[in-house]
Amino acid sequence: MTQILSRSQRNIRVNVLNDNNEPCGLPVTFVGREAYTLRKLLDAGDRGISSLDHVGIRLAHYCMKIRRAGIVIETVKTPQRGEYRGWYGIYKLRSRLSVLEDNTRAAA
């Protein structure tokens, strides 16, 4: 039977790994939108994610909160063409992580 979790109950627990693939410090747990964002970063790999792909979430804010936990996320400035010129960020996970627990895909 599939466990049904609310968005606020979904979490992902990870260890940041060093160059020898050994944990650096204690595991970190993210809940809710931060967990969702980290899962999307893991799934995207080097392609990264942007707010153009994930409309409606405050992507920059969630990336900032993940960074504060010691995980490296690169922001690649990408030109925005058309009527609303400027730039947008593509966020790429740069830390190596070991996923210890992940229920971000649990049915809602």
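Let me begin by describing the structure that accompanies this report.

Looking only at helices and strands, one finds two helices and six strands in the chain. Along the chain direction, N to C, the helices and strands of the chain fall in the order β-β-α-β-α-β-β-β. Taking the contacts inside the chain whose residues are at least 6 apart along the sequence as the reference set, 59% of them involve residues at least 24 apart. Split by element, the accessible area of the chain, about 7000 Å² in all, is 48% carbon and sulfur.

Centre-to-centre distance and the angle between the planes together describe a pair of aromatic rings. According to the stated counting rule, one finds zero aromatic pairs in the structure shown. Positioned above the aromatic ring of tryptophan 87, the side-chain terminus of lysine 77 is 4.5 Å from the ring centre.

With respect to the secondary-structure elements, serine 50 resides in strand 3 (residues 49–50). Judged by relative accessible area, which is 4%, serine 50 ranks as buried. A polar atom in the side chain of serine 50 sits 3.1 Å from the backbone nitrogen of leucine 52.

Calculation criteria
Residues numbered from 1 in each chain as written. Predicted model: local features only at pLDDT ≥ 70, side-chain atom pairs only at ≥ 80, totals over all residues. Heavy atoms only, no water. Helix = DSSP H or I, 4+ residues; strand = E, 2+ residues; numbered from the N terminus. Contact = heavy atoms within 4.5 Å. Areas by Shrake-Rupley, 256 points an atom, 1.4 Å probe, with all protein chains shown as cover. Phe/Tyr/Trp six-rings, centres within 6.5 Å; stacked < 30°, edge-to-face > 60°. Lys NZ or Arg CZ within 6 Å of the ring centre and 35° of its normal. Buried < 20%, exposed > 50% of the residue type's maximum accessible area, 1.4 Å probe, protein only. Polar contact = N/O pair within 3.5 Å; in protein donor to acceptor, adjacent residues only side chain to side chain.

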